[in-house]
Amino acid sequence: RAISTRLFQFSALTGLSLGIIQAILAPLLIPLFTPLEEVREAAKIPALISGLLHVVNGPRFVGEGTMMGLGSLLHLSGITVVGMCGLIAALRTRLGESLGGVMVANLLFCSYQTLALLFHHYFVGKLSRRQERGVIKKY
């Protein structure tokens, strides 16, 4: 449990660091990819959103890996299915009409998954303290 929790902490710190670096360097990096001012302007918001995705995805990937390693595939599948339903619903709204909107929908999906995986890890999963105390029936 301690190792998994430490991995969550390290991944959050790494994701935050990468997100900050990307946000700081985005104005310098975007012009390297295109000379067109319209494209540069259009890329600013998606670049910032992708920086936020670093923060969210670090713990998400640790959570997914932990659940796979522990054999909690049914719970992981449930979290993923609910998240995908939310993503599809978000894309069917106005969010699906622009690149920035699609990026926001992806951020919502990843944020939901991260929160669900953290909840599973700390409160209901095989490594939770409640599981150790026997409050939750072992599965």
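Provided above is the structure to which this section pertains.
Residues numbered from 1 in each chain as written. Predicted model: local features only at pLDDT ≥ 70, side-chain atom pairs only at ≥ 80, totals over all residues. Heavy atoms only, no water.

Draft legend 1. Up close: the overall build of the protein chain. Across its full length, the protein chain holds 5 helices and 0 strands. For the protein chain, the succession of helices and strands along the chain, N to C, is α-α-α-α-α. A principal-axis box enclosing the C-alpha atoms of the protein chain has dimensions of 60 × 30 × 20 Å. Counting the 139 residues in the protein chain, one finds 35% classified as buried. Sequence separation of 24 or more characterises 65% of the internal contacts of the protein chain that already satisfy a separation of 6 or more. Accessible surface, the protein chain as shown: approximately 8700 Å² in total, 72% of it carbon and sulfur. Charge separation in the protein chain, taken as the distance between the mean sites of 13 positive and 6 negative side-chain charges, equals 21 Å. (Helix = DSSP H or I, 4+ residues; strand = E, 2+ residues; numbered from the N terminus. Buried < 20%, exposed > 50% of the residue type's maximum accessible area, 1.4 Å probe, protein only. Contact = heavy atoms within 4.5 Å. Areas by Shrake-Rupley, 256 points an atom, 1.4 Å probe, with all protein chains shown as cover. Lys, Arg positive; Asp, Glu negative; His and termini not counted. Charge placed at Lys NZ, Arg CZ, Asp CG, Glu CD.)

Draft legend 2. Local environment of the environment of Ser11. Relative to the helices and strands, Ser11 is located in helix α1 (residues 2-33). Accessibility expressed as a relative area gives 11% for Ser11, which makes it buried. As a C-alpha pair, Ser11 and Arg60 span 49 residues in sequence and 8.7 Å in three-dimensional space. A distance of 2.9 Å separates the side chain of Ser11 from the backbone oxygen of Phe8, its partner in a polar contact. (Polar contact = N/O pair within 3.5 Å; in protein donor to acceptor, adjacent residues only side chain to side chain.)

Draft legend 3. Just the packing of α1 against helix α2 (residues 37-70), in detail. Between α1 and α2, the shortest axis-to-axis distance is 8 Å and the interhelical angle comes to 165°. Between α1 and α2, the interaxial angle falls into the category roughly antiparallel. In the crossing of α1 with α2, the sense of the turn from one axis to the other is right-handed. When its residues are assigned to classes, the contact of α1 with α2 shows 15 nonpolar, 11 polar and 2 charged. (Axes fitted to C-alpha atoms, helices over the stretch in contact; angles between N-to-C directions. Parallel < 35°, antiparallel > 145°, perpendicular 65-115°, else oblique. Left-handed = near helix turned anticlockwise from the far one by under 90°. Nonpolar A, V, L, I, M, F, W, Y, C, P; charged D, E, K, R; others polar.)

Draft legend 4. Examining empty space enclosed by the protein more closely. Using the criterion set out here, one finds 1 cavity of 30 Å³ or more in the structure. The volume enclosed by the largest cavity comes to roughly 90 Å³. In terms of lining residues, the largest cavity is bounded by Phe8, Gly63, Thr66, Met67, Leu70, Ser72, Leu117, His120, His121, Gly125, Lys126 and Leu127. The dominant element in the lining of the largest cavity, judged by the number of residues it contributes, is α2, at 4 residues. In terms of residue class, the lining of the largest cavity is built from 5 nonpolar, 6 polar and 1 charged. (1 Å grid on protein atoms, 1.4 Å probe; cavity = no way out; pocket = protein on both sides within 12 Å on 5 of 7 lines; lining within 4 Å. Points joined across faces, edges and corners; volume = space filled by probe spheres on them.)

Draft legend 5. The arrangement of α2 in detail. Taking 1.5 Å of rise per residue, 34 residues should cover 50 Å, and α2 covers 49 Å from first to last C-alpha, within 8% of that figure. In α2, a bend of some 35° at Val56 exceeds every other bend along the element, and Pro59, a proline, comes one to four places later. Trailing α2 by a residue or two, Gly71 shows a phi angle of about 80°, which is positive. (Expected span 1.5 Å × (residues − 1). Bend = angle between axes of the 7 residues up to and from the residue.)

Draft legend 6. Looking closely at the packing of aromatic side chains. Within this structure, the stated rule accounts for 2 aromatic pairs. Measuring from centroid to centroid gives 6.4 Å for Phe8 and Tyr122, while their planes differ by 40°, and the two rings are tilted. Of the two residues, Phe8 sits in helix α1 while Tyr122 sits in helix α4 (residues 99-124), which places them 114 residues apart along the sequence. Since its relative accessible area comes to 4%, Phe8 is described here as buried. You can call Tyr122 partly exposed: its relative accessible area is 37%. An angle of 35° between the planes, with centres 5.2 Å apart, marks the rings of Phe119 and Phe123 as tilted. (Phe/Tyr/Trp six-rings, centres within 6.5 Å; stacked < 30°, edge-to-face > 60°.)

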